[in-house]
Amino acid sequence: MAAATNPGRSKLFRLTTIATSGLGSFVLAIWGVRLNLGNQVAGMPIEVIGAIIAALCALAASLAAMAFFAGIDESADYVFNETHFDKLTGLFARTAMVGKIAEAASATARSGKPVFLIDIDIDRFKQINDAIGYCNGDALIRAFTERLRTALPDDVVLGRLGAGEFAILCPDRQVDGSLEAMIDRVVAELMQPYQLPSHLQSVSVSVGVVAMPKDGYDPVMLLRRSNLALQNARASGIGNWAVFDPDMGRVADHRRWVESELHVAFERGDFDLHYQPQLDLQSGRTVGYEALIRWQHPERGMIGPSEFISVAEETGMIGPIGEWVLRKACLDARLLPEDCFVAVNISPVQFMTRDFVGNVARIVAETGIAPKRLELEVTESAMMQDRERAAEILRQLTGMGISVAVDDFGTGYSNLAYLIDFDFHKLKIDRAFVSRMETDTSSGAVVSTIVGLSRALGVRTIAEGVETENQATLLRAAGCQVVQGFLFGRPAPLAIDEMPTARVASLH
Ligand code: C2E
Ligand code: CA
Ligand code: CA
């Protein structure tokens with residue numbers, strides 16, 4: 001990998017300075033000795049004494065000049081290293097990387113040969129770092145860098161742009177096979193779990209790509225564009241990558257607007273919960289309701305959770321929002337039939353916060369909900385971040401009598417071994433499999449396998465996104481017990497008038 005060099009002063013300049021300092025002092029000393037002393041000191045002729053003093057002066061002056069240069073070198077090296085290299089990884093730091101991009105841009109302008117700028121970011125690194133502590137966080141970054149180095153061709157330029165963000169400059173000729181295949185390979189490698197001093201840590205990454213000269217020459221703009229592509233990739237799921245497209249600017253503007261508005265919206269009380277029924281497939285009875293957050297903006301109307309949950313996760317707003325959702329759902333449970341539970345989505349960021357279990361316990365106590373009427377929907381990716389801690393959290397929740405469903409099951413990880421260590425009560429088959437069941441036999445096979453797995457583990461299965469009678473029939477045949485989807489009921493606000501009057505009256 002390319003290295004930067006420190007431009008210093010020329011050798012000739014240094015030699016001349018040292019020699020003239022020495023010579024100057026020599027002449028001055030001779031002149032001083034002649035002026036101040038007679039022709040003889042302690043029996044030695046004045047020329048000998050003069051020569052000794054002058055030589056000592058010359059030596060001292062030369063040494064002083066050398067020391068001066070050494071000092072300059074040291075501070076120049078210090079400043080250079082501080083600004084050019086990232087201390088933790090030894091990779092180029094952001095400013096140096098901007099210089100490298102500028103060099104690559106002018107090279108590609110001359111030769112016309114494309115160079116790719118690839119921006120890789122560890123999803124939610126800040127939250128991971130807070131949760132696992134800075135020592136583990138540093139170890140994770142070092143191991144991540146090592147994987148990047150080994151997974152990439154030797155001649156690429158590698159930099160660290162931010163806490164969990166890295167950039168790669170890769171000339172087209174360095175790409176082994178297709179760019180797609182190379183990035184897929186690197187992403188798969190980077191998403192393998194990391195053995196840290198205290199535990200096994202999984203991460204997901206998002207990747208954005210720009211090509212020079214197609215997407216421009218200005219390094220700052222190129223970095224902004226690769227980051228735009230990265231944000232776009234992140235919004236579309238785990239481990240995704242995207243190539244820059246000019247339309248992405250609009251998406252980014254919208255995200256920025258969401259970010260600036262979330263706090264105000266929360267304070268103003270724009271949020272509400274809608275509920276979607278979950279039914280027992282055999283009896284057709286409603287057994288629970290999933291709480292789904294809705295943002296009713298006074299000017300822009302309804303904004304879906306997929307547009308703002310990820311922004312809330314990045315900005316930390318998911319903390320207060322998630323707590324509000326949990327509290328409101330627990331309170332709303334009083335308006336639901338007594339034999340129904342309420343299911344609440346828990347963001348991976350919430351799940352990994354230090355006192356997650358304590359917060360849940362407090363809200364359960366304050367709202368008075370019977371713990372068996374509360375179900376938490378936690379995604380596989382949340383559990384995989386730190387398996388040991390996740391297993392402990394799940395044990396504590398189960399100990400409190402709260403049930404847990406593994407949400408979006410089947411989309412994240414192929415390694416099912418972890419399931420054995422986890423206390424949970426339901427696997428929720430992702431909508432992607434249900435929607436393809438009718439046309440794609442392998443999706444049907446996945447559903448049957450998940451049902452079989454649930455049986456073996458002694459947990460129940462729920463399928464989400466059921467839209468047609470045919471899907472319901474196939475799910476029943478596969479042995480799935482609970483279903484949820486537009487076929488049975490869309491998410492809707494709590495309709496108080498549909499609840500038994502006595503129960504509503506007793507709340508006031
Ligand atoms: P999810 O947990 O997978 O929720 C199910 C999503 O599928 C909901 O979208 C729901 O409206 C939609 N859906 C339900 N039945 C059908 C169907 O038959 N067909 C189709 N096409 N879609 C169906 P929604 O409400 O837009 O929520 C999207 C995602 O946002 C949720 O996915 C969940 O991950 C997240 N989310 C929603 N509310 C919350 C919340 O309170 N907290 C957190 N952390 N995340 C939430
Ligand atoms: Ca869910
Ligand atoms: Ca889902």
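Rules used in this analysis
Residues numbered from 1 in each chain as written. Chains lettered and ligands numbered in written order. Predicted model: local features only at pLDDT ≥ 70, side-chain atom pairs only at ≥ 80, totals over all residues. Heavy atoms only, no water. Near = heavy atom within 4 Å. Polar contact = N/O pair within 3.5 Å; in protein donor to acceptor, adjacent residues only side chain to side chain. Areas by Shrake-Rupley, 256 points an atom, 1.4 Å probe, with all protein chains shown as cover. Helix = DSSP H or I, 4+ residues; strand = E, 2+ residues; numbered from the N terminus. Donors = N, O, S within 2.8 Å, 3.2 Å for Na, K, Ca; no water. Buried < 20%, exposed > 50% of the residue type's maximum accessible area, 1.4 Å probe, protein only. Patch = residues over 30% accessible without salt bridge, like charges linked within 9 Å, V, L, I, M, F, W, Y side chains within 5 Å. Salt bridge = Lys/Arg side-chain N within 4 Å of Asp/Glu carboxyl O. Pairing = 2+ DSSP bridges. Expected span 1.5 Å × (residues − 1). Arc of directions from axis to C-beta. Contact = heavy atoms within 4.5 Å.

Draft legend 1. Structural view of the site of ligand 1. Gln276, Arg294, Arg431, Glu467 and Phe486 are the nearest of the 20 residues found near ligand 1. At 2.9 Å, a side-chain N or O of Gln276 approaches a nitrogen atom of ligand 1. Taking Arg294, its side chain carries an N or O atom lying 2.9 Å from an oxygen atom of ligand 1. For ligand 1, whose free accessible area comes to 800 Å², the fraction covered by protein is 81%. Only strand S11 (286–297), helix H9 (305–315) and strand S15 (403–409) provide two or more residues apiece to the shell around ligand 1.

Draft legend 2. The coordination of the calcium ion (ligand 2), seen in detail. Around the calcium ion (ligand 2), the protein contributes the donor atoms Glu290 (OE), Asn345 (OD1), Glu377 (OE) and Asp407 (OD), at 2.2 to 2.4 Å from the metal centre. Mapping the donors of the calcium ion (ligand 2) onto the primary sequence gives the spacing E-x54-N-x31-E-x29-D. In this structure, the calcium ion (ligand 2) lies 5.5 Å from the calcium ion (ligand 3). Of the two residues, Glu377 is situated in strand S14 (residues 374–379) and Asp407 in strand S15; the sequence distance between them amounts to 30 residues. Taking relative accessible area as the criterion, Glu377 reaches 2% and is therefore assigned buried.

Draft legend 3. Spatial organisation of the coordination of the calcium ion (ligand 3). Note on the calcium ion (ligand 3): its protein donors are Asp408 (OD), Asp430 (OD), Glu464 (OE) and Glu464 (OE). The metal-donor distances range over 2.1 to 3.1 Å. Mapped onto the sequence, the residues coordinating the calcium ion (ligand 3) show the spacing D-x21-D-x33-E. Its relative accessible area of 27% is what places Asp408 among the partly exposed residues. Taking the relative accessible area as the measure of exposure, Asp430 reaches 11% and is therefore buried.

Draft legend 4. Examining a nonpolar patch on the surface more closely. A surface patch of nonpolar side chains, about 340 Å² in accessible area, is lined by Met44, Val48, Ile52 and Leu56. Per-element tally for the nonpolar patch: the top contributor is helix H2 (residues 46–84), with 3 residues. Relative to the helices and strands, Val48 is located in helix H2. Assessed through its relative accessible area of 38%, Val48 is described here as partly exposed.

Draft legend 5. Just the pairing of strand S16 (residues 426–429), in detail. Neither face of S16 is left uncovered, since the one carrying Lys426 and Lys428 and the one carrying Leu427 and Ile429 both have all their residues buried. Note: S15 against S16, 3 bridges, orientation parallel. Counterpart to Phe409 in the pairing with S16 is Ile429. Relative to strand S17 (residues 460–463), S16 runs parallel, the two sharing 4 bridges. Residue pairing for S17: Leu427 is matched across the bridge by Thr461.

Draft legend 6. Here's a closer look at the environment of Leu279. Along the chain, Leu279 falls in strand S10 (residues 271–280). For the pair Leu279 and Ile462, spaced 183 residues apart in the sequence, the C-alpha separation amounts to 9.1 Å.

Draft legend 7. Up close: helix H14 (residues 387–399). End to end, H14 covers 18 Å across 13 residues, agreeing with the expected 18 Å (1.5 Å per residue, within 8%). Buried within H14 are the following residues: Ala390, Ala391, Ile393, Leu394 and Leu397. Looking straight down H14, one finds its buried side chains confined to an arc of 165°; they lie on one side. Residues Glu388 and Gly399 are exposed on H14 and point more than 90 degrees away from its buried face. Those residues of H14 that are buried lie in contact with helix H11 (348–352), helix H12 (356–367), S14, helix H13 (380–384) and S15. Of the residues flanking the end of H14, it is Gly401, one or two places downstream, whose phi is positive at about 90°.

So, to be careful, I would describe these as geometric facts and stop short of saying anything about function.
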